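Secondary and tertiary structure notes
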Amino acid sequence: MSPRRRDSDSTAAARAERRAELLAAAAEVFASRGYAVTTVREVADAAGILGGSLYYHFDSKESMADEILSAFLTDMWAAYEEVLGAGLGADATFRALVGASFETIHRHRPAVVIYQNESKHLATNPRFSYLLDNQRRFREVWLSILDRGVLDGELRADLDTGLIYRFIRDTVWVAATWYRCDGPLPADEIARQYVAMVLEGILQPKEL
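Keep in mind it's a predicted model, so treat the numbers as computed, not measured.

What follows concerns the packing of helix 5 (residues 90–122) against helix 6 (residues 130–151). Any two packed helices are characterised by the angle at which their axes cross and by the distance between the axes. Closest axis-to-axis distance for the helix 5/helix 6 pair is 13 Å, and the angle between their directions is 155°. Judged by the angle between their axes, helix 5 and helix 6 are roughly antiparallel. Crossing of helix 5 against helix 6: the hand is left-handed. Here helix 5 contributes A90, T93, F94, L97, V98, S101, Y115, S119 and L122 to the contact with helix 6, which in turn contributes L131, N134, Q135, V141, W142, I145, L146, R148 and G149. Considering only residue class, the contact of helix 5 with helix 6 consists of 11 nonpolar, six polar and one charged.

See below:
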């Protein structure tokens, strides 16, 4: 490789790394303050650069939000597809999807908060129409697993699967508001305990 090519690759890598750092800073600000009220200047301040310098990397606040949300959703669906393609039963798939959800929260916590808080507003912009498509796909995936579990006799038939879906969706993903990467419990342990509470309850088993 020529010296010029090495210098070019090194520069590109440095720019990509800096871009990722700026997106991480933007995600934290959008998640804590709210996307609508956050200014480009505030993102730049959080990243430690001048406001005008941010436009060297991104043409707008929308572009930053788009990349943040797209990266999160792409990663989540990759994890989900791995679980769904494993050929597991409904019970095991349920457990694995909860685990994949918490691992995604671990990797993209600010993005998950933005998705929860801002999707309804952002989806009115054609640029973010994919958010509605993802919501529909997410619902279909979970309902298909829950319905299969009922048909296979692994899940109770007297409970409405739509209600179960809403309960799982809201209880799992809202964890992004309080989860911390350096918290007392790692993501996989939180997932295990969530599954235990959902499938086994919180009452102490009675001794026979």
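Considering the arrangement of structural elements, one finds H57 in the loop between helix 3 (51–54) and helix 4 (61–84). Exposure remark for H57: the relative accessible area of 18% places this residue in the buried category. If near-sequence neighbours (up to four positions away) are discounted, H57 is found in contact with R18, R19 and L22.

A full pass over the atoms with the stated rule returns 14 salt bridges. R137 serves as the salt-bridge partner of E81, at 2.6 Å between the closest nitrogen and oxygen. Pair noted here: E81 is in helix 4 and R137 is in helix 6, with a separation of 56 residues, a long-range link. A relative accessible area of 39% places E81 in the partly exposed class. On the basis of relative accessibility, which here comes to 32%, the residue R137 falls in the partly exposed class. We note a salt bridge from D133 to R136, for which the minimum N-O separation is 2.5 Å. Taken together, the residues span about one helical turn, with D133 and R136 both in helix 6 at a distance of three residues. A relative accessible area of 47% places R136 in the partly exposed class. Linked through salt bridges whose partners overlap, the residues forming this network are E62, D66 and R127.

Enumeration over the complete set of coordinates arrives at 11 aromatic pairs. Centre to centre, the rings of F72 and W173 are 6.2 Å apart; their planes meet at 65°, and the pair counts as edge-to-face. With a gap of 101 residues between them, F72 in helix 4 and W173 in helix 7 (residues 161–173) connect regions that are remote in the sequence. For F72, a relative accessible area of 2% translates into the label buried. Taking relative accessible area as the criterion, W173 reaches 8% and is therefore assigned buried. Their ring planes at 55° and their centres at 6.5 Å tell us that F138 and W142 sit as a pair that is tilted. A residue pair is termed a helical-turn pair when its members lie 3 or 4 positions apart in one helix, as F138 and W142 do in helix 6 at four residues.

Moving on: a nonpolar patch on the surface. On the surface, F167, V198 and L199 cluster together to form a nonpolar patch covering roughly 230 Å² of accessible area. As for its placement among the helices and strands, L199 is situated in helix 8 (residues 187–200). With a relative accessible area of 30%, L199 lands in the partly exposed category.

Viewed as axis vectors pointing N to C, helix 5 and helix 7 meet at an angle of 55°, and their least axial separation amounts to 9 Å. Between helix 5 and helix 7, the angle falls in the class oblique. Residues F94, V98, S101, F102, T104, I105, V112 and Q116 of helix 5 touch helix 7, and the partners they reach there are I168, V172 and W173. For the contact of helix 5 with helix 7, the class distribution of residues is eight nonpolar, three polar and no charged.

Reading the values: the criteria
- Per chain, residue numbering runs from 1 following the sequence as it is written.
- Under the rules for a predicted model, residues below a pLDDT of 70 receive no local features and side-chain atom pairs below 80 are neither given nor counted, while totals for whole chains, interfaces and linings still include all residues.
- As a rule here, side-chain values come from all non-hydrogen atoms in the structure, and water together with hydrogens is ignored.
- For every element, the axis is a line fit to its C-alpha atoms; helices are fit only across the contacting stretch, and the angle between N-to-C directions ranges from 0 to 180 degrees.
- To qualify as a helix, a DSSP run of H or I must reach at least 4 residues; to qualify as a strand, a run of E must reach at least 2; elements of each kind are numbered from the N terminus.
- Convention used here: angles under 35 degrees read as roughly parallel, angles over 145 as roughly antiparallel, angles from 65 to 115 as roughly perpendicular, and any remaining angle as oblique.
- Left-handed is the label given to a crossing in which the near helix is rotated counterclockwise from the far helix by less than a right angle, and right-handed is the label when the rotation is clockwise.
- Residues are treated as being in contact if the distance between any of their heavy atoms lies within 4.5 Å.
- Side-chain classes are defined by residue name, with Ala, Val, Leu, Ile, Met, Phe, Trp, Tyr, Cys and Pro counting as nonpolar, Asp, Glu, Lys and Arg as charged, and the others, Gly among them, as polar.
- In this scheme, a residue with accessible area under 20% of its type's maximum is buried, one over 50% is exposed, and one in between is partly exposed, where area comes from a 1.4 Å probe on protein chains only.
- Basic side-chain nitrogens of Lys or Arg form a salt bridge, by our definition, when they fall within 4 Å of a carboxyl oxygen of Asp or Glu.
- For Phe, Tyr and Trp, rings pair up if their centres lie within 6.5 Å, where Trp contributes its six-membered ring, and each pair is then called stacked (planes under 30 degrees apart), edge-to-face (over 60) or tilted (otherwise).
- Exposure above 30% relative accessible area and the absence of a salt bridge qualify a residue for a patch, where like charges join within 9 Å and nonpolar side chains (Val, Leu, Ile, Met, Phe, Trp, Tyr) within 5 Å.
- Using the Shrake-Rupley algorithm and a 1.4 Å probe, accessible areas are obtained, with residue cover drawn only from the displayed protein chains.

Read these as layout, nothing more, since geometry by itself doesn't imply function.
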